[in-house]
Amino acid sequence: MEIIPVIDLMGGRVVHAKAGLRDFYEPIKSVLTCATDLRSVVADLNFFFPFNTVYIADLDAILGKELALEQYQQLVADFPNISFWVDAGIREESDLARLFGIEGIRPVLASETLHDVTLLPGDEDTILSLDFRQGQFLGDYSLWEDEKLWPHQVILMQLDYVGTRQGPDISLFNKVLDKNKGVNIVMAGGVRGGKDLELLKEAGVAKVLVASALHDGGISRAILEKITKKALP
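A brief look at the structure comes next. (Residues numbered from 1 in each chain as written. Predicted model: local features only at pLDDT ≥ 70, side-chain atom pairs only at ≥ 80, totals over all residues. Heavy atoms only, no water.)

Notes on the side chain of Asp131
Take Asp131: it is sitting in strand β7 (residues 127-133). Taking relative accessible area as the criterion, Asp131 reaches 3% and is therefore assigned buried. Side-chain polar atoms of Asp131 contact the side chain of Ser129, separated by 2.6 Å. Among all residues touching Asp131, those that are not within four sequence positions of it are Ala110, Ser111, Glu112, Gln136, Phe137, Leu138 and Met157. (Helix = DSSP H or I, 4+ residues; strand = E, 2+ residues; numbered from the N terminus. Buried < 20%, exposed > 50% of the residue type's maximum accessible area, 1.4 Å probe, protein only. Polar contact = N/O pair within 3.5 Å; in protein donor to acceptor, adjacent residues only side chain to side chain. Contact = heavy atoms within 4.5 Å.)

Pasting the structure below:
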């Protein structure tokens, strides 16, 4: 199983996301880092554990502000061994093209913001995030109804569960698997610690997005070594 740390970026700072209530996000408080700037947080995460992938939710871009491309170009140059999945509120083809122009970035098309569903299933590097809040699908409902639009990699994003320590939504995972058994599902939201990761692994989940459980110490380095089977010196 691959564990993918999540970084939520707002106002140029890394923040603590909780239940998708973006007006109330505060700067991150973490046992892993004292920093709140993007580069330092990535560096401290990388020092803690050699993650292969980091997911960035650029909340400023998601809310309609201009994407800071230079920031991502520099990030890729500084951390060439990390693949960055970036949700920057892609709405149409021009938004997607800007991210595809940076090697080392994999664009995330989130159902919540995507206007042009013809961009899917798209390039093999494209990732679709199926977003839910209070049991409701967010975005063009055809994305949920027609699994033929899905790329190979699909994130199940339960916004109500993010940062709330409710545990992962296994029922949603099973529902999606029933619709498309060939899809590679990435779970997001609710993971509290090693037991939840074991539960997801037993269910067949190959990748999990995690934020709070890393920063509050719920997922230790030893747990990461065990789950990922990556023995460190």
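Continuing now.
Some details on the pairing of strand β6 (residues 105-110)
Most of β6 sits out of view: six of its six residues are buried. Of the two faces of β6, both are covered, the one formed by Ile105, Pro107 and Leu109 as well as the one formed by Arg106, Val108 and Ala110. Sheet analysis places strand β5 (residues 83-87) next to β6, joined by three bridges and oriented parallel. Paired with Trp85 across the bridge in β6 is Arg106. (Pairing = 2+ DSSP bridges.)

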